[in-house]
Amino acid sequence: MTKQCSFTLYSLFVTFLIMFVVVNSQLTTEFYAKTCPNVLKVVRKEVQNAIKNEMRMGASLLRLHFHDCFVNGCDASLLLDGNSNTSEKFAAANLNSARGFEVIDKIKNAVEDACSGVVSCADILAIAARDSVLLSGGPTWKVQLGRRDGLVANISGASTALPAPFDPLNTIISKFQDVGLNITDVVSLSGAHTIGLAKCATFDNRLRNFSGSGAPDTTLDSSLVSELQSLCHSTSDGNNTAPLDRNSTDIFDNHYFKNLLNGRGLLESDQILYSSDAALTATTKTLVETYSNSTSLFFSDFVNSMIKMGNISPLTGSDGEIRKNCRAMN
């Protein structure tokens, strides 16, 4: 064999190897078709049981996926236990707020019984989020899979990257853009607040002395102000909860956006999508109006945004690991 022929064969081999690695590093809806064919059924059953026991859990599981993907990418770093210096669970956006970790434990145990050491915790979060939306009356989609679990948490990232209910709109948009998401994603993913509850501590700043004005937030419906003041009295510990989407608390629909049109968004970060000066410039106001009139368009954009979010910097191939226990590295 000539040197030229050998070099050509070697080049073809290297090209094939690179193509193989690239293809196998991409997420795919059929990732576990051979290695764990029943994983979707196993996860669905556990999510159904969790929501049956507590309807709010659907919103909590959806939120876990969101809070995970915004920090280090979708790598299940949020699930790692640790102390206040290491675990993302201690970040302000998660402490005494992020919940559903025990449900993820149950799902992981059931999946391990079906196929040990195969399915990542990051993928379980993605599947559980999809099932939570579907089982709450929302749309479904084929979840792209193949993520691996991260080896380190990032508490500083969790403290700065996650959008907060007190952030101005431009800051929220910027945090989304930092992870590759756009304004449509901001509004459609905010629509996840069509289910779930929020603690008084996340919105009681709007009820009395808003921004030092001495009065409640003027963008909040006055009748709702009185109701919320009774729930979140000035001496409370801030732990009482109110529905994020009044009159449609447990149903995944477009009612959340109808609330915004009527000044009944619970969080400041919800209402500013429609009522702030920045909302008009950023076009979030137009999107709110559009979604309030079209459930189908909201569902379509929400699905697209969830898929995009699930693709934020996933670990694939030989990166990371497949945790046996979602709370700790192997």
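Keep in mind that what you see is a predicted model, and the values were worked out from it rather than measured. (Residues numbered from 1 in each chain as written. Predicted model: local features only at pLDDT ≥ 70, side-chain atom pairs only at ≥ 80, totals over all residues. Heavy atoms only, no water.)

Caption draft 1: Quick peek at the overall build of the protein chain. Looking only at helices and strands, one finds 14 helices and two strands in the protein chain. Each principal axis of the C-alpha distribution contributes one length, and for the protein chain these read about 85 × 40 × 40 Å. Per-residue burial for the protein chain yields a buried fraction of 49% across its 330 residues. Sequence-distant contacts in the protein chain: of pairs separated by 6 or more residues, those separated by 24 or more amount to 74%. Positive and negative charge centroids in the protein chain, built from 28 and 32 side chains respectively, lie 6 Å apart. (Helix = DSSP H or I, 4+ residues; strand = E, 2+ residues; numbered from the N terminus. Buried < 20%, exposed > 50% of the residue type's maximum accessible area, 1.4 Å probe, protein only. Contact = heavy atoms within 4.5 Å. Lys, Arg positive; Asp, Glu negative; His and termini not counted. Charge placed at Lys NZ, Arg CZ, Asp CG, Glu CD.)

Caption draft 2: Region of the structure containing the UniProt feature "binding site: Ca(2+) 2" (unreviewed entry) in the protein chain. Within the UniProt annotation, "binding site: Ca(2+) 2" (unreviewed entry) is assigned to Thr 194, Asp 245 and Asp 253. Separation in sequence by 60 residues is not matched in space for these annotated residues, since their most distant C-alpha atoms are only 9.7 Å apart. Judged by relative accessible area, which is 0%, Asp 245 ranks as buried. Beyond its immediate chain neighbours, meaning those up to four positions away, Asp 245 contacts His 193, Thr 194, Asp 253, His 255, Tyr 256 and Asn 259. Mapped onto the fold, Asp 253 is located in the loop between β2 (241-243) and α10 (255-261). The exposure class assigned to Asp 253 is buried, which follows from its relative accessible area of 18%. A polar atom in the side chain of Asp 253 sits 3.0 Å from the side chain of Thr 194. (UniProt positions renumbered as here; feature names shortened; annotations may be inferred. Polar contact = N/O pair within 3.5 Å; in protein donor to acceptor, adjacent residues only side chain to side chain.)

Caption draft 3: Spatial organisation of the state of the cysteines. A full pass over the atoms with the stated rule returns four disulfides. In this model Cys 69 forms its disulfide with Cys 74; the gap between the sulfur atoms is 2.0 Å. Every disulfide takes its handedness from the sign of the S-S torsion; for Cys 69 and Cys 74 that torsion is 120°, giving right-handed. The residues Cys 69 and Cys 74 share a single accessibility class, namely buried. The disulfide partner of Cys 121 is Cys 326, and the S-S distance across this bridge is 2.1 Å. On the S-S bond that ties Cys 121 to Cys 326, the torsion sits near -100°, and the link is left-handed. Note that Cys 121 is positioned in helix α5 (residues 121-135) and Cys 326 in the segment after α14 (295-309), a separation of 205 residues in sequence. By relative accessible area, which is 2% here, Cys 326 ends up buried. In the protein chain, the bonded cysteines, taken in the order they occur along the sequence, pair up as 1-4, 2-3, 5-8, 6-7. (Disulfide = S-S within 2.5 Å.)

Caption draft 4: Structural detail: a nonpolar patch on the surface. The grouping of Leu 151, Val 152 and Met 329 at the surface amounts to a nonpolar patch, some 290 Å² of accessible area in total. Along the chain, Val 152 falls in the loop between α5 and α6 (155-161). When its relative accessible area of 54% is taken as the criterion, Val 152 is described as exposed. (Patch = residues over 30% accessible without salt bridge, like charges linked within 9 Å, V, L, I, M, F, W, Y side chains within 5 Å. Areas by Shrake-Rupley, 256 points an atom, 1.4 Å probe, with all protein chains shown as cover. Salt bridge = Lys/Arg side-chain N within 4 Å of Asp/Glu carboxyl O.)

Caption draft 5: Seen up close, unusual backbone geometry. In the Ramachandran plot, Asn 247 falls in the positive-phi region, its phi being about 75° despite a non-glycine side chain. With respect to the helices and strands, the residue Asn 247 is situated in the loop between β2 and α10. Looking at Asn 247, the relative accessible area reads 71%, which means it is exposed. Residues other than glycine seldom take positive phi values, yet Ser 313 does so here, at roughly 40°. Along the chain, Ser 313 falls in the segment after α14.

Caption draft 6: Up close: the nonpolar core. Counting residues in hydrophobic clusters, the biggest one holds 76 residues, and the most contacted among them are Ile 104, Ile 107, Val 111, Phe 302 and Met 309. In this view, Ile 107 contacts Val 43, Glu 46, Val 47, Ile 124 and Ala 128; residues no more than four positions away in its chain are not counted. (Core = buried A, V, L, I, M, F, W, Y, C linked by side-chain atoms within 4.5 Å.)

Caption draft 7: Structural view of the packing of aromatic side chains. For the coordinates displayed, the defined rule picks out 14 aromatic pairs. Aromatic side chains Phe 70 and Phe 176 sit 5.0 Å apart centroid to centroid with 70° between the ring planes, which places their arrangement in the edge-to-face category. A residue pair is termed long-range when its members are at least 10 positions apart, and Phe 70 in the loop between α3 (57-69) and α4 (101-114) and Phe 176 in helix α7 (residues 169-178) qualify at 106 residues. With relative accessibility at 3%, the residue Phe 70 sits in the buried group. One aromatic cluster is present, formed by Trp 141, Phe 252, Tyr 256, Phe 257, Tyr 291, Phe 298, Phe 299 and Phe 302 through successive ring pairs. Directly above the aromatic system of Phe 101 lies the positively charged group of Lys 89, at a separation of 4.3 Å from the ring centroid. The ring centre of Tyr 274 lies 5.1 Å from the NZ or CZ of Lys 285, which sits over that ring. (Phe/Tyr/Trp six-rings, centres within 6.5 Å; stacked < 30°, edge-to-face > 60°. Lys NZ or Arg CZ within 6 Å of the ring centre and 35° of its normal.)

Caption draft 8: A look at the packing of α7 against helix α8 (residues 183-190). Closest axis-to-axis distance for the α7/α8 pair is 9 Å, and the angle between their directions is 105°. In terms of orientation, α7 and α8 fall into the roughly perpendicular class. Contacts from Ile 172, Ile 173 and Phe 176 of α7 reach α8 at Ile 183, Asp 185, Val 186 and Leu 189. Residues of the contact of α7 with α8, tallied by class, amount to six nonpolar, no polar and one charged. (Axes fitted to C-alpha atoms, helices over the stretch in contact; angles between N-to-C directions. Parallel < 35°, antiparallel > 145°, perpendicular 65-115°, else oblique. Nonpolar A, V, L, I, M, F, W, Y, C, P; charged D, E, K, R; others polar.)

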